[in-house]
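Here's the letter readout for the chains.
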Amino acid sequence: MELNTAKIKTDDALSADVLQSLNNLYSTRAGTQPLDREFGIKGDFVGETLPIYQNQYAVEIMKKTETYEPRVYVSQVTFEADIDGKITPIICLEKAREG
């Protein structure tokens, strides 16, 4: 199974710096960022069955978004498959509530 780059979906207007921060987070593999080895998304669940993979990936996205970009929260993570069998995560975001 091959994973495409995640797509971000939101009904709220997010600032360019928030989108850049999230794209950077979601496209970085955990363990590769000097000085912060937890930054990024783990890849150790690759090779699992599709339902387990999707669940673990969604949990990872939610945890890392909460940790590294508290201005938004993940409301849902879904997946689309193309004709070639590549999986594209769709990450649905909402602005974090104040207070």
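Residues numbered from 1 in each chain as written. Predicted model: local features only at pLDDT ≥ 70, side-chain atom pairs only at ≥ 80, totals over all residues. Heavy atoms only, no water.

**Q** Just to check I follow, could you spell out helix α1 (residues 16-27) for this structure?
**A** The end-to-end C-alpha distance of α1, which contains twelve residues, comes to 16 Å, matching closely the 16 Å that a straight helix rising 1.5 Å per residue would cover. Of all the positions in α1, only Val 18, Leu 22, Leu 25 and Tyr 26 are classed as buried. Each buried residue of α1 lies within a common arc of 90° when the element is viewed along its axis, so the set occupies one face. Facing away from the buried side of α1 by over 90 degrees, the exposed positions are Ala 16, Gln 20 and Ser 27. (Helix = DSSP H or I, 4+ residues; strand = E, 2+ residues; numbered from the N terminus. Expected span 1.5 Å × (residues − 1). Buried < 20%, exposed > 50% of the residue type's maximum accessible area, 1.4 Å probe, protein only. Arc of directions from axis to C-beta.)

**Q** Just checking my understanding: could you explain the packing of aromatic side chains for this structure?
**A** To describe a pair of aromatic rings, one takes the distance between the centres and the angle between the planes. In the structure shown here, the tally under the stated rule is three aromatic pairs. Centre to centre, the rings of Phe 39 and Tyr 68 are 5.1 Å apart; their planes meet at 85°, and the pair counts as edge-to-face. With a gap of 29 residues between them, Phe 39 in the loop between α1 and α2 (50-68) and Tyr 68 in helix α2 connect regions that are remote in the sequence. Both rings, one in Tyr 57 and one in Phe 79, keep their centres 5.9 Å apart while their planes meet at 65°; by these two values the pair is edge-to-face. (Phe/Tyr/Trp six-rings, centres within 6.5 Å; stacked < 30°, edge-to-face > 60°.)

**Q** Looking at this model, I keep getting lost on the pattern of salt bridges. Mind explaining?
**A** Charged atoms that come close allow side chains of opposite charge to pair. Counting across every chain of the model gives three salt bridges. The closest approach of N and O atoms between Arg 71 and Asp 17, which form a salt bridge, is 2.9 Å. Pair noted here: Arg 71 is in the loop between α2 and β3 (72-81) and Asp 17 is in helix α1, with a separation of 54 residues, a long-range link. When its relative accessible area of 42% is taken as the criterion, Asp 17 is described as partly exposed. Across the pair Arg 71 and Glu 69 runs a salt bridge whose closest N-O atoms are separated by 2.6 Å. Overall, Glu 69 belongs to the buried group, its relative accessible area being 3%. (Salt bridge = Lys/Arg side-chain N within 4 Å of Asp/Glu carboxyl O.)

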